[in-house]
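One-letter residues, chain by chain:
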Amino acid sequence: MEITILLGSFALLLLIGTPVAFALGAAALATVLYMDLPPLVVFQQLSSGMNVFSMLAIPFFVFAGDLMLRGQIADRLVALASAMVGHMRGGLGQVNVVAATLFGGVSGSAVADASAVGGVMIPQMRARGYAPDYAVNVTANAALIDLLIPPSHNMILYVIAAGGAISVADLFTAGIVPGMLLMAVLMFTAWAVAVRRGYPRERFPGWWALARLLAAALPGLMLIVIIFAGVRSGVFTATESAVVAVLYALLVTLLVYRSLDWNGFVHAVLGGARTTGMVMLIIGCASAFGWLMALLQVPAMTVELMQGITDNPLLMLLLINIILLVLGTFMDMAPLIMIGTPIFLPLVMKLGMDPVQFGVVLILNLGIGLITPPVGPVLFVACAVGKVSMWEATKTSLPFYTAAFAVLLVVTYVPAVSLWLPSLFH
């Protein structure tokens, strides 16, 4: 009965439109009251869920991304990507994917990418004859690359949800090859759709112009190198690297590019604080919800149920992916990481999957949920920028969804894709 109240009230609250954080907290409170436990337990778990030192990395990475966004870094990255790949068929679609990859290394946020790169690219694509649905689908799917390329604060969430035993440096490293693979597959998909629809190429500006644009974008791109090299070499921790990211973002936007004014700084502070507040509330409520699930032995029951369905490891991994994809269509990424990790990580480890590999699988899987209706916050942002309905964009999204799902299957069943690069550092 306790499990029914916990999961049933949570599902009911989601169905009537309650925000995820409040649905998690209210479901936990209702269950605790039914179990005749003091309500204070929920608030203690909520507080302890947020009171984790390594979580300090999240607000700093969010703030660094906001500073880069307000400092017009996206414009320089788009210009560089245009010079690199704009001459291919459907050039602006290719530019969109490459720019998203570059921006992912300085923001780590799929929503920020859809807003920043989409805000630059979608109007240009529409003005040059690209259909709005194509522009929106390329933008939304390319934003998923940001989740895999360091610095991704979702990877830090996964490490915390897994009990802190996984190396953040290994996880950052593990996401690079899958991120590049997703970029390549999406570029091919964008090219194939562009050929079918007859979209144009852009003019190649020449090698000298490309060199100048690379030099202009290099200070922003160095953030990727600083964070990755610093964390990988042990010079600083993931939390310290987030502080370094903020300081470097301020240095670049204020002194190098001189593109961040006082108004932009204030908006970056407010945006970072707002995003951090939302993320932390979700994490706290998800921690209370997850504590109750552990108390009621939901993870163990889930494992037993799934093993009763099949004992084939390949089918089990496919089933886990399907469950996460379905959950990702109506729940945000942060709570699913906090709730899903304790349930599925022990199971996949029994199947022989490395926890670092599962982290990449989990983040990519839930990332696909960010572009899937009815919730799909990344798709929603891209549609808002492109001024099309989610239904109109979804009608022609099958090639891009198929591409992302194909990469998910490769990452799931080919461990070397995510584990080869980290193995070079051991």
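A short tour of the structure in this document, coming up. Remember, it's a predicted structure, so these values are computed and weren't measured experimentally. Here the residue numbers are simple positions, counted from 1 along each chain's written sequence. Reporting of local features is limited, given that this is a predicted model, to residues whose pLDDT is at least 70; pairs of side-chain atoms are given and counted only at 80 or more, and all residues count toward the totals for whole chains, interfaces and linings. Side-chain metrics rest on all non-hydrogen atoms present in the structure, leaving aside hydrogens and water.

1. Focus on the nonpolar core
Next up, step 1: Buried Ala, Val, Leu, Ile, Met, Phe, Trp, Tyr and Cys residues that are joined via side-chain atoms within 4.5 Å together make up what is termed a nonpolar core. Only protein chains enter the area calculation, which uses a 1.4 Å probe; residues under 20% of their type maximum are buried, those over 50% are exposed, and those in between are partly exposed. Ranked by size, the top nonpolar core spans 156 residues in total, and within it Y134 and L379 carry the most contacts.
Next up, step 2: Residues count as neighbours in contact if any of their non-hydrogen atoms are within 4.5 Å of one another. When neighbours within four sequence positions are excluded, L379 is seen to be in contact with V136, A140, L370, I371, P373, M390, A393, T394 and Y401.

2. Here's the deal with the pattern of salt bridges
Next up, step 1: Whenever Lys or Arg places a side-chain nitrogen within 4 Å of a carboxyl oxygen from Asp or Glu, that contact is recorded as a salt bridge. The full count for this structure, using the stated rule, is 1 salt bridge.
Next up, step 2: Here D133 ties to R197 by a salt bridge, and the two come within 3.0 Å at their closest N and O atoms. One end of the pair, D133, is in helix α8 (residues 132-142); the other, R197, is in helix α12 (residues 176-197), with 64 residues separating them in the sequence.
Next up, step 3: On the accessibility criterion, D133 (8% relative accessible area) is buried. A run of H or I in DSSP counts as a helix once it spans at least four residues, and a run of E counts as a strand once it spans at least two, with each numbered from the N terminus.

3. Observations regarding the environment of L424
Next up, step 1: Structurally, the position occupied by L424 is in the segment after α23 (416-423).
Next up, step 2: For L424 and T173, which are 251 residues apart along the polypeptide, the C-alpha to C-alpha distance reads 9.9 Å.

4. A word on helix α5 (residues 73-85)
Next up, step 1: Take the number of residues in a helix, subtract one, and multiply by 1.5 Å to get its expected span. With 13 residues, α5 should reach 18 Å at 1.5 Å per residue; the first-to-last C-alpha distance of 19 Å fits that figure.
Next up, step 2: Within α5, the full set of buried residues consists of I73, A74, L77, V78, L80, A81, A83 and V85.

5. Looking at unusual backbone geometry
Next up, step 1: One non-glycine residue, R258, lies in the positive phi region at around 55 degrees.
Next up, step 2: For R258, the location among the structural elements is in the loop between α14 (238-256) and α15 (262-295).
Next up, step 3: The class for R258 is exposed, based on a relative accessible area of 69%.
Next up, step 4: Unlike most non-glycine residues, K387 shows phi in positive territory, near 60 degrees.
Next up, step 5: Mapped onto the fold, K387 is located in the loop between α20 (377-386) and α21 (390-395).

Spatial relationships are all this shows, so hold off on functional conclusions.
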